[in-house]
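The residues making up each chain are set out below.
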Amino acid sequence: MTVAPSAEIRQFPCLSDNFGVLIHDPDNGTTIAIDVPDAAAYLDILAENGWKLTHILITHHHWDHVQGLSELKEKTGAHVTGPERSRQKITGMDKFVEDGDKILVGPFEVTAISTPGHTLDQISWYFPALKIAHTGDTLFSLGCGRIFEGDMEMMWASLEKLARILPEDTAIYCGHEYTESNAKFALTIDPNNAALKARAAEVETLRAAGKPTLPTTMAQELAANPFLRAADTGVQEALGMVGKSAGEVFAEIRTRKDNA
Ligand SMILES: [Zn+2]
(Lines give C-alpha, C1' and ligand atoms only; values in the text may rest on other atoms or scores of the structure.)
Protein backbone atom coordinates (compact mmCIF):
# COMPACT_ATOMS: atom_id res chain seq x y z
CA MET A 1 0.00 0.00 0.00
CA THR A 2 1.29 3.42 -0.86
CA VAL A 3 0.92 5.93 1.89
CA ALA A 4 0.65 9.52 0.75
CA PRO A 5 3.58 11.40 2.26
CA SER A 6 2.74 13.93 4.89
CA ALA A 7 4.72 16.86 6.16
CA GLU A 8 4.58 19.55 8.77
CA ILE A 9 5.46 22.91 7.31
CA ARG A 10 6.56 25.96 9.28
CA GLN A 11 6.84 29.36 7.67
CA PHE A 12 8.26 32.20 9.75
CA PRO A 13 9.48 35.75 9.22
CA CYS A 14 13.21 36.41 8.80
CA LEU A 15 15.02 39.76 8.45
CA SER A 16 12.62 42.58 7.54
CA ASP A 17 10.33 40.89 5.01
CA ASN A 18 11.83 37.50 4.10
CA PHE A 19 10.33 34.12 4.96
CA GLY A 20 12.02 31.06 6.38
CA VAL A 21 10.40 27.73 5.48
CA LEU A 22 10.92 24.35 7.14
CA ILE A 23 9.38 21.09 5.87
CA HIS A 24 9.42 18.19 8.31
CA ASP A 25 8.52 14.56 7.73
CA PRO A 26 7.33 13.18 11.08
CA ASP A 27 7.80 9.57 9.93
CA ASN A 28 11.52 9.54 9.17
CA GLY A 29 12.64 12.87 10.62
CA THR A 30 13.77 14.49 7.38
CA THR A 31 13.70 18.26 7.86
CA ILE A 32 14.29 20.59 4.94
CA ALA A 33 15.05 24.33 5.02
CA ILE A 34 14.41 26.42 1.94
CA ASP A 35 16.87 29.34 1.81
CA VAL A 36 18.54 30.74 4.91
CA PRO A 37 18.00 34.48 5.33
CA ASP A 38 18.92 34.18 9.02
CA ALA A 39 20.42 31.14 10.78
CA ALA A 40 19.21 32.15 14.26
CA ALA A 41 15.55 32.22 13.21
CA TYR A 42 15.88 28.71 11.77
CA LEU A 43 17.70 27.39 14.85
CA ASP A 44 14.93 28.76 17.09
CA ILE A 45 12.14 27.07 15.11
CA LEU A 46 14.09 23.80 14.90
CA ALA A 47 14.64 23.81 18.68
CA GLU A 48 11.03 24.77 19.37
CA ASN A 49 9.82 21.74 17.39
CA GLY A 50 12.59 19.34 18.38
CA TRP A 51 13.50 18.87 14.70
CA LYS A 52 16.99 18.05 13.40
CA LEU A 53 17.78 19.79 10.11
CA THR A 54 18.89 17.33 7.43
CA HIS A 55 18.69 19.28 4.13
CA ILE A 56 18.87 22.82 2.81
CA LEU A 57 17.60 23.84 -0.63
CA ILE A 58 18.68 27.20 -2.08
CA THR A 59 16.67 29.23 -4.60
CA HIS A 60 19.25 31.84 -5.63
CA HIS A 61 22.44 33.61 -4.64
CA HIS A 62 21.09 36.88 -3.20
CA TRP A 63 22.45 37.64 0.28
CA ASP A 64 19.01 37.72 1.91
CA HIS A 65 18.51 34.07 0.88
CA VAL A 66 21.93 32.65 1.74
CA GLN A 67 23.55 34.79 4.40
CA GLY A 68 22.72 32.32 7.19
CA LEU A 69 23.75 29.27 5.15
CA SER A 70 27.30 28.74 6.49
CA GLU A 71 26.23 29.06 10.12
CA LEU A 72 23.17 26.83 9.74
CA LYS A 73 25.16 24.17 7.87
CA GLU A 74 27.94 24.27 10.46
CA LYS A 75 25.54 23.93 13.39
CA THR A 76 23.34 21.20 11.88
CA GLY A 77 25.50 19.34 9.36
CA ALA A 78 22.66 19.59 6.84
CA HIS A 79 23.26 18.66 3.19
CA VAL A 80 22.94 21.64 0.84
CA THR A 81 21.57 21.62 -2.73
CA GLY A 82 21.41 24.68 -4.94
CA PRO A 83 21.71 25.99 -8.48
CA GLU A 84 24.58 24.69 -10.65
CA ARG A 85 24.70 28.18 -12.10
CA SER A 86 25.85 29.58 -8.72
CA ARG A 87 28.43 26.89 -8.01
CA GLN A 88 31.10 29.63 -7.75
CA LYS A 89 28.89 32.20 -6.00
CA ILE A 90 27.41 30.34 -3.05
CA THR A 91 29.78 28.70 -0.58
CA GLY A 92 28.78 25.53 1.24
CA MET A 93 26.76 23.74 -1.45
CA ASP A 94 27.18 19.94 -1.68
CA LYS A 95 24.98 19.18 -4.68
CA PHE A 96 24.02 21.16 -7.77
CA VAL A 97 20.87 21.11 -9.88
CA GLU A 98 19.83 22.27 -13.31
CA ASP A 99 16.42 22.72 -14.90
CA GLY A 100 14.20 19.65 -14.67
CA ASP A 101 16.41 17.69 -12.28
CA LYS A 102 14.42 15.46 -9.95
CA ILE A 103 16.20 14.77 -6.69
CA LEU A 104 15.30 12.70 -3.68
CA VAL A 105 15.31 14.72 -0.43
CA GLY A 106 14.62 12.25 2.34
CA PRO A 107 11.40 10.59 1.22
CA PHE A 108 10.36 13.45 -1.07
CA GLU A 109 10.93 13.70 -4.79
CA VAL A 110 11.65 17.34 -5.53
CA THR A 111 11.81 18.90 -8.99
CA ALA A 112 14.15 21.81 -9.72
CA ILE A 113 12.43 24.21 -12.09
CA SER A 114 14.77 26.82 -13.51
CA THR A 115 12.94 30.17 -13.45
CA PRO A 116 15.47 32.86 -14.40
CA GLY A 117 14.72 36.57 -14.64
CA HIS A 118 15.14 37.97 -11.13
CA THR A 119 18.55 36.27 -11.17
CA LEU A 120 19.96 33.88 -13.75
CA ASP A 121 20.45 31.07 -11.24
CA GLN A 122 16.91 31.11 -9.78
CA ILE A 123 15.46 27.68 -9.02
CA SER A 124 11.83 27.06 -7.99
CA TRP A 125 11.46 23.91 -5.89
CA TYR A 126 8.41 21.71 -6.49
CA PHE A 127 7.29 18.87 -4.20
CA PRO A 128 4.56 17.13 -6.27
CA ALA A 129 3.50 14.65 -3.58
CA LEU A 130 3.04 17.43 -1.02
CA LYS A 131 1.40 19.76 -3.58
CA ILE A 132 3.70 22.59 -2.60
CA ALA A 133 6.26 24.71 -4.40
CA HIS A 134 8.70 27.41 -3.31
CA THR A 135 9.13 29.98 -6.04
CA GLY A 136 11.93 32.01 -4.43
CA ASP A 137 11.90 35.57 -5.77
CA THR A 138 10.26 34.63 -9.08
CA LEU A 139 6.54 34.43 -8.28
CA PHE A 140 5.15 36.34 -5.30
CA SER A 141 1.53 36.58 -4.29
CA LEU A 142 0.03 39.19 -6.63
CA GLY A 143 3.50 40.03 -7.87
CA CYS A 144 6.78 38.82 -9.28
CA GLY A 145 10.43 39.51 -8.60
CA ARG A 146 12.22 42.55 -9.89
CA ILE A 147 14.34 41.74 -12.91
CA PHE A 148 17.99 42.15 -11.94
CA GLU A 149 19.97 39.73 -14.10
CA GLY A 150 17.61 38.51 -16.82
CA ASP A 151 15.27 40.41 -19.09
CA MET A 152 11.52 40.84 -19.49
CA GLU A 153 11.18 37.99 -21.94
CA MET A 154 13.04 35.62 -19.65
CA MET A 155 10.91 36.49 -16.62
CA TRP A 156 7.67 36.13 -18.57
CA ALA A 157 8.84 32.73 -19.85
CA SER A 158 9.59 31.68 -16.26
CA LEU A 159 6.14 32.72 -15.02
CA GLU A 160 4.46 30.94 -17.92
CA LYS A 161 6.54 27.88 -17.13
CA LEU A 162 5.35 27.85 -13.50
CA ALA A 163 1.75 28.25 -14.68
CA ARG A 164 2.24 25.32 -17.06
CA ILE A 165 3.99 22.97 -14.64
CA LEU A 166 2.33 23.65 -11.28
CA PRO A 167 -1.21 22.33 -10.85
CA GLU A 168 -3.78 24.86 -9.65
CA ASP A 169 -4.03 23.28 -6.21
CA THR A 170 -0.30 23.74 -5.54
CA ALA A 171 0.39 25.76 -2.40
CA ILE A 172 2.93 28.44 -3.28
CA TYR A 173 5.59 29.59 -0.81
CA CYS A 174 8.01 32.33 -1.79
CA GLY A 175 10.83 34.51 -0.51
CA HIS A 176 9.02 37.64 0.66
CA GLU A 177 5.94 39.09 2.32
CA TYR A 178 5.25 41.74 -0.31
CA THR A 179 1.59 40.95 -0.88
CA GLU A 180 0.03 44.08 0.60
CA SER A 181 1.96 46.49 -1.61
CA ASN A 182 1.59 44.09 -4.55
CA ALA A 183 -2.19 44.16 -4.06
CA LYS A 184 -2.30 47.98 -4.18
CA PHE A 185 -0.32 47.97 -7.41
CA ALA A 186 -2.30 45.06 -8.93
CA LEU A 187 -5.54 47.00 -8.46
CA THR A 188 -4.15 49.82 -10.63
CA ILE A 189 -3.67 47.30 -13.47
CA ASP A 190 -6.75 45.11 -13.12
CA PRO A 191 -9.27 47.16 -11.10
CA ASN A 192 -12.39 45.23 -12.11
CA ASN A 193 -11.07 41.76 -11.34
CA ALA A 194 -13.35 40.29 -8.65
CA ALA A 195 -10.82 37.64 -7.62
CA LEU A 196 -8.17 40.33 -7.14
CA LYS A 197 -10.53 42.56 -5.14
CA ALA A 198 -11.41 39.63 -2.88
CA ARG A 199 -7.76 38.68 -2.40
CA ALA A 200 -6.78 42.31 -1.71
CA ALA A 201 -9.45 42.52 1.01
CA GLU A 202 -8.27 39.23 2.52
CA VAL A 203 -4.66 40.44 2.47
CA GLU A 204 -5.60 43.65 4.26
CA THR A 205 -7.35 41.65 7.00
CA LEU A 206 -4.46 39.22 7.39
CA ARG A 207 -1.82 41.95 7.58
CA ALA A 208 -3.87 44.01 10.03
CA ALA A 209 -3.90 40.91 12.26
CA GLY A 210 -0.13 40.49 11.82
CA LYS A 211 -0.59 37.27 9.87
CA PRO A 212 1.29 36.12 6.75
CA THR A 213 -0.45 36.15 3.37
CA LEU A 214 1.53 33.12 2.19
CA PRO A 215 1.25 30.40 1.15
CA THR A 216 -1.03 31.26 -1.71
CA THR A 217 -2.22 28.81 -4.39
CA MET A 218 -1.53 28.65 -8.08
CA ALA A 219 -5.29 28.92 -8.75
CA GLN A 220 -5.51 32.13 -6.76
CA GLU A 221 -2.49 33.65 -8.50
CA LEU A 222 -3.77 32.70 -11.96
CA ALA A 223 -7.03 34.45 -11.10
CA ALA A 224 -5.65 37.55 -9.39
CA ASN A 225 -1.95 38.15 -10.11
CA PRO A 226 -1.65 40.63 -13.02
CA PHE A 227 1.87 39.42 -13.86
CA LEU A 228 0.44 35.97 -14.67
CA ARG A 229 -2.51 37.51 -16.53
CA ALA A 230 -0.68 39.37 -19.27
CA ALA A 231 -2.57 37.30 -21.85
CA ASP A 232 -5.96 38.18 -20.32
CA THR A 233 -8.22 40.38 -22.43
CA GLY A 234 -9.44 42.36 -19.41
CA VAL A 235 -5.89 43.24 -18.41
CA GLN A 236 -4.97 44.13 -21.99
CA GLU A 237 -8.04 46.36 -22.28
CA ALA A 238 -7.27 48.10 -18.98
CA LEU A 239 -3.78 48.86 -20.29
CA GLY A 240 -4.95 49.88 -23.77
CA MET A 241 -2.87 47.00 -25.18
CA VAL A 242 -5.45 44.79 -26.87
CA GLY A 243 -3.80 42.67 -29.54
CA LYS A 244 -0.29 43.00 -28.09
CA SER A 245 1.64 39.87 -27.19
CA ALA A 246 1.50 38.62 -23.62
CA GLY A 247 5.25 39.24 -23.35
CA GLU A 248 4.79 42.92 -24.28
CA VAL A 249 1.93 43.29 -21.82
CA PHE A 250 3.99 41.65 -19.08
CA ALA A 251 6.88 44.05 -19.81
CA GLU A 252 4.51 47.03 -19.51
CA ILE A 253 3.17 45.80 -16.15
CA ARG A 254 6.68 45.10 -14.81
CA THR A 255 7.89 48.54 -15.96
CA ARG A 256 4.95 50.26 -14.25
CA LYS A 257 5.69 48.35 -11.04
CA ASP A 258 9.37 49.32 -11.20
CA ASN A 259 8.33 52.97 -11.47
CA ALA A 260 5.47 52.79 -8.95
ZN1 LIG B 1 16.45 37.88 -4.65
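Quick caveat, the model's predicted, so the values are computed rather than measured. (Residues numbered from 1 in each chain as written. Predicted model: local features only at pLDDT ≥ 70, side-chain atom pairs only at ≥ 80, totals over all residues. Heavy atoms only, no water.)

Asker: So what exactly am I meant to see when it comes to the coordination of the zinc ion here?
Answerer: A metal bound by six donors in octahedral fashion has ideal angles of 90 or 180 degrees, whereas one bound by four tetrahedral donors has an ideal angle of 109.5 degrees. At 2.2 to 2.3 Å from the zinc ion lie its protein donor atoms, namely His 60 (NE2), His 62 (ND1), His 118 (NE2) and Asp 137 (OD). Considering all 4 donor atoms around the zinc ion, the spread of angles at the metal, 88 to 169°, places the coordination shape in the irregular class. Relative accessible area serves as the criterion here: at 0%, His 60 is assigned to the buried category. (Donors = N, O, S within 2.8 Å, 3.2 Å for Na, K, Ca; no water. Tetrahedral: all angles 85-135°; square planar, octahedral: opposite > 155°, others 65-115°. Buried < 20%, exposed > 50% of the residue type's maximum accessible area, 1.4 Å probe, protein only.)

Asker: Even after reading the chapter, I still don't get the sheet that holds strand E5 (residues 79-83), so can you show me in this structure?
Answerer: Within a sheet, each strand pairs with its neighbour through backbone hydrogen bonds, oriented either parallel or antiparallel. A sheet is described by the order of its strands in space; here 6 strands give the open sequence E1-E2-E3-E4-E5-E6, paired in mixed fashion. Each having just a single partner strand, strand E1 (8-14) and strand E6 (95-97) make up the two edges of the open sheet. Going from strand to strand, the sheet's axes swing by 20° on average, the running direction of each strand aside. When E5 meets E6, the two strands line up parallel, connected through 3 bridges. Counted as the bridge partner of Pro 83 is Val 97 from E6. Contacting E1, strand E2 (18-24) and strand E3 (31-34), helix H1 (residues 39-49) crosses the sheet at an angle of about 145° to E1. Across the face of the sheet, helix H3 (residues 69-76) comes into contact with E3, strand E4 (55-57) and E5 while running at roughly 165° to E4. (Pairing = 2+ DSSP bridges. Helix = DSSP H or I, 4+ residues; strand = E, 2+ residues; numbered from the N terminus. Axes fitted to C-alpha atoms, helices over the stretch in contact; angles between N-to-C directions. Contact = heavy atoms within 4.5 Å.)

Asker: How do you make sense of the UniProt feature "domain: Metallo-beta-lactamase" (unreviewed entry) in the chain when you look at a structure like this?
Answerer: The residues that UniProt annotates with the feature "domain: Metallo-beta-lactamase" (unreviewed entry) are residues 17-176. With 23% helix and 30% strand, residues 17-176 has its two end C-alpha atoms placed 6 Å apart. (UniProt positions renumbered as here; feature names shortened; annotations may be inferred.)

Asker: Which parts of the structure should I look at to understand the nonpolar core?
Answerer: Nonpolar side chains in soluble globular proteins generally cluster together in the buried interior. Residues Leu 166, Phe 250 and Ile 253 are the most contacted members of the largest nonpolar core, which totals 25 residues. Elements represented by at least two residues in this core include exactly helix H4 (152-165), helix H5 (179-189) and helix H9 (246-259). Excluding residues within four positions of it along the chain, Leu 166 makes contact with Ile 113, Tyr 126, Ala 133, Ile 172 and Met 218. (Core = buried A, V, L, I, M, F, W, Y, C linked by side-chain atoms within 4.5 Å.)

Asker: So what exactly am I meant to see when it comes to the sheet that holds strand E14 (residues 216-217) here?
Answerer: Spatially, the 6 strands line up as an open sheet ordered E7-E8-E9-E10-E13-E14, and their pairing is mixed. Of all strands in the sheet, those with a lone pairing partner are strand E7 (102-105) and E14, marking the two edges. With 3 bridges connecting them, strand E10 (residues 132-134) and strand E13 (residues 171-173) associate as parallel partners. Looking at the pairing, Ala 133 lines up with Ile 172 of E13. Lying over the sheet, H4 contacts strand E8 (108-114) and strand E9 (123-127), oriented at roughly 150° with respect to E8.

Asker: Which parts of the structure should I look at to understand the packing of H5 against helix H6 (residues 194-208)?
Answerer: The packing of two helices is summarised by the inter-axis angle and the distance between the axes. Remark: H5 packs on H6, axes separated minimally by 10 Å, with the N-to-C direction vectors making an angle of 150°. Between H5 and H6, the angle falls in the class roughly antiparallel. Two packed elements cross with a definite hand, and for H5 against H6 that hand is left-handed. Judged by residue contacts, Thr 179, Glu 180, Ala 183, Ala 186 and Leu 187 of H5 engage Leu 196, Lys 197, Arg 199, Ala 200, Val 203, Glu 204 and Arg 207 from H6. When grouped by side-chain class, the residues that make up the contact of H5 with H6 number 6 nonpolar, 1 polar and 5 charged. (Parallel < 35°, antiparallel > 145°, perpendicular 65-115°, else oblique. Left-handed = near helix turned anticlockwise from the far one by under 90°. Nonpolar A, V, L, I, M, F, W, Y, C, P; charged D, E, K, R; others polar.)

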